[in-house]
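# A look at the structure
This is what each chain is made of:
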Amino acid sequence: MADRSDAVSAFLKLACDRWRSAETFETPQRAEAKTDLQFANLVQWDPIIKTARESAGKFALVIDQIGEPLRQLIGQQRQARPAIQVSPVDSGADLDTAEVYQQFIKHTENTGHAKPARDEAFKYAANCGWGYYRLLLEWEYDQANAPMGPELFDQCIKYQAIEDPFTVYDDPATPIHAQWTRRFALVTEDIPKEEFTRRWPTAIATNVDAFAATGVNMPEWFPETSVKVADYFYVDYEEQPEVVQLKTGVVVLADQVPAGAEIVQRRTPVIRKVKLAKISGAEILEGNDDKTAGRDWPGQYIPLIRIHGESLVVEGKRTLRGVVRAMRDLGRAYNFEVSELLGELTSSPKSKVLMPNGAQKGHEDQWKRSTAEVFPYLLYEPQILTTAGGIVQTPEPKVAHFTDSEKIQALVVAIQQIKADLRSVTGWYDSTDPNRRNSDQSGRAILARKESQNEGAVNYKENYAEGLLVEALFQLDLIPKVYGRPGRILRLIGDEGDDVPPVTVGGSWKKKSTKDEGIFAWGAGRYDVAVSIGASYLTRRQEATDQGLELMKILQPQQAAVIAPVVVSNMDIPGSKELAKTLKRTLPPELQDEQEQPQIPPEVQQQLQQAQQIIDMLTKELDAKNDLIEKDQLKIDSTERIKLAELRMQYDTTMARLASQEQIAAMNNEVKVRLEELKLRGQAALAEVDAMEARLTQRSEQDHARGMAGASAGHEAEMAERQAAMTPPDGAGV
């Protein structure tokens with residue numbers, strides 16, 4: 001028991017010492033940052049000066065001149081839509097898994113409420129110099145709808161906005177551009193004592209009890225009405241067995257080096273293990289099983305992300321500041337000058353009329369009403385005085401001015417100069433500035449001025465992107481460990497916010513790049529991340545639509561039709577997606593995405609594969625038959641050519657000798673009949689594939705016999721005709 005008590009005491013002492021070191025290191029920085037936040041909260045007068053002015057009856061106005069530049073800078077960040085991109089690094093990684101990482105991070109951003117957490121951190125970075133947000137783990141299912149299965153213990157990554165950056169005590173030794181090297185961090189919270197007692201009924205809740213238990217006075221941890229509780233992250237470093245690299249390039253354990261082998265270099269690997277404990281100043285509220293230390297955190301990095309504004313190191317001390325700090329003096333000066341101007345205008349007496357005593361006699365009512373009414377003229381009674389020199393008329397009434405116009409003019413000039421200095425410090429483009437009334441009137445000039453203003457905020461946007469890069473690194477480390485259960489379904493979201501088919505860990509998966517089927521697993525490959533901060537998605541869609549329409553004007557109609565669905569899908573009109581799909585369906589099949597083709601059920605795919613195998617077998621058999629037909633066709637063609645040549649010779653001989661047109665027509669008909677008969681017989685021979693060889697031989701012999709018989713009959717007829725022509729008719733003389 002004593003060992004456990006000593007372990008807890010040592011653990012808490014180290015945690016409190018680290019908290020104190022972080023607080024001491026940041027004390028000057030926190031004082032300036034709190035003044036910045038007070039100034040942005042319109043508390044812009046020094047309390048002593050303000051009290052003195054109010055006691056003297058003077059104005060102490062607050063005319064906010066920094067709110068609009070701040071809102072513009074924060075508005076630019078909120079309109080931007082950052083994109084985290086994942087790419088493979090080594091041979092164990094691949095493009096398809098990198099795409100799953102990227103699309104799953106997009107899903108985590110949406111369901112984990114990343115935007116408000118990031119926006120809150122950037123708001124404080126712009127105001128006072130830095131802000132924080134964190135990643136945490138929550139149960140996927142609450143107790144009301146949790147399934148009774150392995151899903152009951154599924155966790156998911158969530159984002160938590162940190163509304164007060166002064167509740168975070170960060171490791172002072174962490175480089176500003178290497179947050180992944182953070183050794184410890186404390187995120188504190190002041191919990192009312194009633195709530196604290198409800199959550200931890202047996203825990204120490206007062207400073208008196210804490211002093212009795214630890215012997216240490218802790219007023220910072222135990223105020224009057226609350227208890228300070230901290231999520232204490234810290235890193236334990238575990239050394240692994242030493243490894244060496246031999247001259248041959250082989251890496252082995254140091255105690256397994258072969259005799260005589262030459263060692264090139266040595267290394268003792270160190271593994272980071274992040275722990276998390278919830279503590280008060282006097283005890284460990286939540287941690288490992290016996291509450292002597294923290295519990296294991298799945299990742300190797302402390303899940304705390306800092307967004308910073310401008311950073312400078314002066315005399316070895318880091319200074320972080322936002323937009324407000326450079327404007328505080330000018331803001332105070334502006335408030336002072338405006339207050340003085342208003343005081344001068346209100347405290348100076350109004351113009352008075354000087355007249356001799358008694359000049360208003362008889363017109364008292366008109367003069368009394370002249371301060372509220374306008375008269376075309378005022379009457380007065382001239383006064384006559386009798387002096388030693390004679391009778392003298394008194395001077396006429398005249399107006400006397402008591403306001404110091406030169407002082408008022410000087411105040412107005414000072415106010416205008418301060419406003420110009422404020423615009424110069426912030427780079428804020430004020431379209432209402434009267435000095436720009438005759439300039440920046442063209443659209444190009446206004447856009448150039450706004451672009452210049454955007455360039456002045458680039459450092460804040462770059463630092464914001466750097467924080468998101470750290471977050472993406474933490475995500476890559478956490479995702480395989482939190483979402484690695486076989487059978488867990490991963491919801492994915494595309495770059496444009498469109499839904500992507502989910503992937504199941506350990507389930508079948510088809511890679512897009514290679515079309516290979518496989519089993520999805522996060523794998524052991526290394527991946528790299530990059531972050532782009534551009535215009536908002538709506539702005540990019542509008543730009544894409546405008547440029548797409550301009551491009552369609554210079555393309556050929558066929559080319560314009562190809563990109564028309566993409567241009568229409570980017571239009572901000574109702575039904576643009578459906579219209580784009582309709583246009584895409586009119587494109588040729590080779591230009592349509594495979595994803596848009598209807599999915600074939602597995603049983604139908606199997607039937608199609610069997611049918612394809614049958615078709616392939618029949619195709620081979622048909623090819624063999626075609627080869628046989630071609631060989632037999634050569635024989636038929638040779639026989640037909642011989643018979644046709646003989647008939648052509650007989651035809652030409654007969655045509656040369658016959659004089660009768662009827663005989664010529666008869667011969668032509670006979671030849672056509674013979675040719676048609678041969679063609680029909682050839683076609684019939686092609687149809688009878690199985691018995692082709694025997695039947696073709698028989699037909700060839702029949703055709704030859706018929707041809708010879710026809711030729712013989714034609715020759716006998718010709719000889720008979722010649723004989724008849726040579727025999728004279730009966731009764732003719734010799």
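For the structure, see preceding data.
Residues numbered from 1 in each chain as written. Predicted model: local features only at pLDDT ≥ 70, side-chain atom pairs only at ≥ 80, totals over all residues. Heavy atoms only, no water.

It is worth spelling out the overall build of the protein chain at this point. On a plain count of helices and strands, the protein chain comes out with 18 helices and 24 strands. Per-residue burial for the protein chain yields a buried fraction of 33% across its 734 residues. Put simply, 68% of the contacts in the protein chain that link residues at least 6 apart link residues at least 24 apart. As displayed, the protein chain has an accessible area near 45,500 Å², and 54% of this comes from carbon and sulfur atoms. (Helix = DSSP H or I, 4+ residues; strand = E, 2+ residues; numbered from the N terminus. Buried < 20%, exposed > 50% of the residue type's maximum accessible area, 1.4 Å probe, protein only. Contact = heavy atoms within 4.5 Å. Areas by Shrake-Rupley, 256 points an atom, 1.4 Å probe, with all protein chains shown as cover.)

Its 17 residues place the ends of helix H4 (residues 95-111) 24 Å apart at the C-alpha level, agreeing with the 24 Å of an ideal helix rising 1.5 Å per residue. Taking burial as the measure, the 17 residues of H4 include twelve buried ones, the bulk of the element. Three or more residues of H4 are buried, namely Asp 96, Thr 97, Ala 98, Val 100, Tyr 101, Gln 102, Gln 103, Phe 104, Ile 105, His 107, Thr 108 and Glu 109. Between a side-chain oxygen at the N-terminus of H4 and the backbone nitrogen of Asp 96 the separation is 3.1 Å; the capping residue is Asp 94. Phi for His 113, located one or two positions after H4, is positive at around 65 degrees. (Expected span 1.5 Å × (residues − 1). Polar contact = N/O pair within 3.5 Å; in protein donor to acceptor, adjacent residues only side chain to side chain.)

An order of E8-E7-E9 is seen for the three strands of this open sheet, with the pairing classed as antiparallel. The sheet is open, and its two edges are formed by strand E8 (251-253) and strand E9 (263-267), each paired on a single side. Taking the axes of each pair of neighbouring strands and ignoring which way they run, one obtains an average angle of 30 degrees across the sheet. Note: strand E7 (residues 243-246) against E8, three bridges, orientation antiparallel. Within E8, the position partnered with Val 244 by the bridge is Val 252. (Pairing = 2+ DSSP bridges. Axes fitted to C-alpha atoms, helices over the stretch in contact; angles between N-to-C directions.)

One pass over the full model with this rule turns up two cavities of 30 Å³ or more. Approximately 30 Å³ is the volume attributed to the second largest cavity. Lining the second largest cavity, in full, are Trp 297, Gly 299, Tyr 301, Pro 303, Phe 474, Asp 477 and Leu 478. (1 Å grid on protein atoms, 1.4 Å probe; cavity = no way out; pocket = protein on both sides within 12 Å on 5 of 7 lines; lining within 4 Å. Points joined across faces, edges and corners; volume = space filled by probe spheres on them.)

Let us look at the side chain of Asp 171. In this fold, Asp 171 is placed in the loop between strand E4 (168-170) and strand E5 (184-192). With residues up to four places along the chain from it excluded, the contact list for Asp 171 reads Arg 182, Arg 183 and Phe 184.

What follows concerns the pattern of salt bridges. Scanning all chains against the criterion turns up 33 salt bridges. The salt bridge partner of Arg 20 is Glu 220, with a shortest N-O separation of 2.8 Å. Placement of Arg 20 in helix H1 (residues 2-40) and of Glu 220 in the loop between helix H7 (207-214) and strand E6 (226-239) is noted, with a sequence separation of 200 residues between them. For Glu 220, a relative accessible area of 32% puts it in the partly exposed group. A salt bridge links Arg 134 to Asp 231, with the nearest nitrogen and oxygen atoms 3.0 Å apart. In this pair, Arg 134 is assigned in strand E2 (residues 130-139) and Asp 231 in strand E6, connecting sequence segments 97 residues apart. Classification of Asp 231 by relative accessible area gives buried; the value is 12%. (Salt bridge = Lys/Arg side-chain N within 4 Å of Asp/Glu carboxyl O.)

Before going further, it helps to examine the sheet that holds E2. If you walk across this open sheet you meet the three strands as E3-E2-E13, and the pairing is antiparallel. A single partner strand is all that each edge strand has here, and the edge strands are strand E3 (155-161) and strand E13 (304-308). Strand-to-strand twist across the sheet, computed as the mean angle between neighbouring axes with direction ignored, equals 25 degrees. Of the pairings in the sheet, the one linking E2 to E13 comprises five bridges and is antiparallel in character. Bridging across to E13, Gly 131 finds its partner in Ile 307.

To continue, consider the packing of helix H3 (residues 67-79) against helix H5 (residues 114-127). Orientation of H3 relative to H5, taken along the N-to-C sense of each, is 150 degrees, at an axis distance of 10 Å. Classified by the interaxial angle, the pair formed by H3 and H5 is roughly antiparallel. By crossing handedness, the relation of H3 to H5 is classed as right-handed. Contact residues: H3 offers Leu 70, Leu 73, Ile 74, Gln 77 and Arg 78, while H5 offers Lys 115, Arg 118, Asp 119, Phe 122, Lys 123, Ala 126 and Asn 127. The class makeup of the residues in the contact of H3 with H5 is five nonpolar, two polar and five charged. (Parallel < 35°, antiparallel > 145°, perpendicular 65-115°, else oblique. Left-handed = near helix turned anticlockwise from the far one by under 90°. Nonpolar A, V, L, I, M, F, W, Y, C, P; charged D, E, K, R; others polar.)

Turning our attention to unusual backbone geometry. Within the chain, Glu 315 stands out as a residue other than glycine whose phi angle is a positive 55 degrees. Note on Glu 315: relative accessible area 78%, which makes it exposed. Of note in this structure, Lys 515 is not a glycine but carries a positive phi near 65 degrees. Residue position: Lys 515 is located in the loop between strand E22 (508-510) and strand E23 (517-519). Overall, Lys 515 belongs to the partly exposed group, its relative accessible area being 45%.

Membership of the largest hydrophobic core comes to 81 residues, with the highest contact counts inside it found for Tyr 483 and Trp 522. Sorting elements by how many residues they give to this core places helix H12 (residues 458-482) first, with ten residues. Once you skip the residues sitting within four places of it in the chain, Tyr 483 turns out to touch Phe 104, Gln 155, Cys 156, Ile 157, Arg 488, Leu 490, Val 505 and Trp 522. Residues Tyr 169, Ala 203, Ala 277 and Ala 293 belong to the second largest nonpolar core, which totals 31 residues. (Core = buried A, V, L, I, M, F, W, Y, C linked by side-chain atoms within 4.5 Å.)

This brings us to the pairing of E5. Bridge count between E4 and E5: three bridges; the pairing is antiparallel. Bridge pairing links Val 168 to Val 187 in E5. With nine bridges connecting them, E5 and E6 associate as antiparallel partners. Following the sheet pairing, Val 187 is matched in E6 by Asp 231.

With that settled, the discussion passes to the packing of aromatic side chains. Throughout the structure, instances matching the rule amount to 18 aromatic pairs. Residues Phe 11 and Tyr 232 carry aromatic rings whose centres are separated by 5.6 Å and whose planes lie at 65 degrees to one another, so their mutual orientation is edge-to-face. Residue Phe 11 is found in helix H1, and its partner Tyr 232 is found in strand E6; the two are separated by 221 residues along the sequence. Residue class for Tyr 232 comes out buried when judged on its relative accessible area of 1%. Relative to Phe 166, the ring of Trp 130 lies with its centre 6.0 Å away and its plane at 90 degrees, an arrangement referred to as edge-to-face. (Phe/Tyr/Trp six-rings, centres within 6.5 Å; stacked < 30°, edge-to-face > 60°.)

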